[in-house]
Amino acid sequence: MMQVRNVRIPFGAAPRYWFSGRRAATHLSNALNLLFPVGERFFIRSVRHYVDRVEDDPELMDQIHCFFGQEGNHAREHQRFASFLESQGYEVRPFLDDYERLMSGIVERLMPPVLRLSATAACEHFTASLADNALRSPVFQEMHTEVKSLLLWHAAEEIEHKAVAYDVLRRVDSRYAVRVAGLAIATTLLLVWWAMAFRMLVEQDGMTVGEALADLRSTELDGRHRTPQDVIRSAFKEYLAPGFHPWNHDNSALARDYIETMALTEAA
Ligand SMILES: [Fe+2]
Ligand SMILES: [Fe+2]
């Protein structure tokens, strides 16, 4: 069911607080969006390193090529979104330069390839879990339509390819300790960089981190929406189960239903 969809999202009309006017929630989402281009290119390189180890499995090879295409498109559109944030007056370039230099130049070089793959598989579980939440949440339906298009298209494809890196890892190294080490690395990197991006954005918007967190708590939406913290916490626990596989939870219909209804604008 996987497919590469070369979409281009227009962002021009999205307001500053596109998350239904919620200031800190917008910054929290913007912060995660800033991490995607570098992160997704890291995922592609991590899987590509092992392509020759799975060449005897044509079905998995097809999925890998689709994974590369989808993640490449996500990275491009989120990079455009970063430029959109710059057009709103945020100075994100110094943060992005530091993030890329540290991740691609230092962290990636220090990590052995199998841990890069294992961390990628764990990150894919986190993105697929956040995607599941986004596609089910009535709160996402209320946000500005352009950013919603970006997030829900990305979410649907994250579900489609959620097992690719994991299945490559199983072929390359199926040891539980390697999977858990990747989970620990992925969790640490995700939370540290997400927190730093969030802090950078709220401070540029004239808030302290404490004020932003209070704003987040005050808009936690009466139980209509699982917070990202809840999603990451339960995804972490699921991934620790010895018999874990991404498709133990079959939410393919959720992705398919969204894809069938979305209006795509093809990139030039
Ligand atoms: Fe992605
Ligand atoms: Fe992904």
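Structure: see above.
In this text, all values refer to a predicted model and were calculated from it rather than measured experimentally.

A count of helices and strands for the chain gives 11 helices and 0 strands. Ordered by position from the N terminus, the helices and strands of the chain form the series α-α-α-α-α-α-α-α-α-α-α. Here the C-alpha atoms of the chain give a radius of gyration of 18 Å, agreeing with the 18 Å that 2.2 N^0.38 yields for 268 residues. Expressed along its principal axes, the backbone C-alpha trace of the chain runs to roughly 50 × 40 × 40 Å. By residue count, 54% of the 268 residues in the chain fall in the buried class.

Among the nonpolar cores identified, the biggest contains 90 residues, and Leu35 and Ile64 are the most heavily contacted of them. If you tally residues by element for this core, the top one is helix α1 (residues 23–48), at 13 residues. Sequence-distant contacts of Ile64, defined by excluding residues within four places in its chain, comprise Val47, Val51, Val54, Val164 and Val168.

Moving on, we get to unusual backbone geometry. Even without being glycine, Ser20 reaches a positive phi, approximately 50 degrees. Among the structural elements, Ser20 can be located in the segment before α1.

With that settled, consider the packing of helix α6 (residues 145–160) against helix α11 (residues 252–261). The interhelical angle for the contact between α6 and α11, taken along N-to-C directions, is 140 degrees, at an axis separation of 9 Å. The orientation of α6 relative to α11 falls into the category oblique. The chirality of how α6 crosses α11 is left-handed. The segment α6 lies against α11, with Lys148, Ser149, Leu152, Trp153, Ala156, Ile159 and Glu160 engaging Ser252, Leu254, Ala255, Tyr258 and Ile259. Of the residues contributing to the contact of α6 with α11, the split by class is 8 nonpolar, 2 polar and 2 charged.

Time to look at a nonpolar patch on the surface. A cluster of nonpolar residues, Leu102, Ile106 and Leu110, forms a patch on the protein surface that exposes about 290 Å² of accessible area. Locating Leu102 in the fold gives a position in helix α3 (residues 93–110). Leu102 gets classed as partly exposed once you look at its relative accessible area, which sits at 36%.

If you check which residues of α11 are buried, you get Ser252, Leu254, Ala255, Tyr258 and Ile259. On an axial view of α11, the arc spanned by its buried residues comes to 165 degrees, and they lie on one face. Exposed and oriented more than 90 degrees from the buried face of α11 are Glu260 and Thr261. Buried residues belonging to α11 abut α4 (113–136) and α6.

Our next topic: the coordination of the iron ion (ligand 2). Coordination of the iron ion (ligand 2) by the protein comes from Glu71 (OE), Glu124 (OE), Glu124 (OE), Glu158 (OE), Glu158 (OE) and His161 (NE2), over a distance range of 2.1 to 2.6 Å. With 6 donor atoms in place around the iron ion (ligand 2) and angles of 53 to 149 degrees between them, the coordination shape is irregular. All donors of the iron ion (ligand 2) come from a single chain, and their spacing in sequence reads E-x52-E-x33-E-x2-H. The metal-metal distance between the iron ion (ligand 2) and the iron ion (ligand 1) is 3.7 Å, with Glu71 coordinating both. Note that Glu71 is positioned in helix α2 (residues 58–87) and Glu124 in helix α4, a separation of 53 residues in sequence. A single burial state applies to Glu71 and to Glu124, both of which are buried.

Further remarks concern the coordination of the iron ion (ligand 1). Here the iron ion (ligand 1) is held by Glu40 (OE), Glu71 (OE), His74 (ND1), His154 (NE2) and Glu158 (OE), and the distances to it run 1.8 to 2.2 Å. Donor residues for the iron ion (ligand 1), ordered by position in the chain, follow E-x30-E-x2-H-x79-H-x3-E.

Definitions and cut-offs
Residues numbered from 1 in each chain as written. Chains lettered and ligands numbered in written order. Predicted model: local features only at pLDDT ≥ 70, side-chain atom pairs only at ≥ 80, totals over all residues. Heavy atoms only, no water. Helix = DSSP H or I, 4+ residues; strand = E, 2+ residues; numbered from the N terminus. Rg over C-alpha atoms; globule rule 2.2 N^0.38 Å. Buried < 20%, exposed > 50% of the residue type's maximum accessible area, 1.4 Å probe, protein only. Core = buried A, V, L, I, M, F, W, Y, C linked by side-chain atoms within 4.5 Å. Contact = heavy atoms within 4.5 Å. Axes fitted to C-alpha atoms, helices over the stretch in contact; angles between N-to-C directions. Parallel < 35°, antiparallel > 145°, perpendicular 65-115°, else oblique. Left-handed = near helix turned anticlockwise from the far one by under 90°. Nonpolar A, V, L, I, M, F, W, Y, C, P; charged D, E, K, R; others polar. Patch = residues over 30% accessible without salt bridge, like charges linked within 9 Å, V, L, I, M, F, W, Y side chains within 5 Å. Areas by Shrake-Rupley, 256 points an atom, 1.4 Å probe, with all protein chains shown as cover. Salt bridge = Lys/Arg side-chain N within 4 Å of Asp/Glu carboxyl O. Arc of directions from axis to C-beta. Donors = N, O, S within 2.8 Å, 3.2 Å for Na, K, Ca; no water. Tetrahedral: all angles 85-135°; square planar, octahedral: opposite > 155°, others 65-115°.

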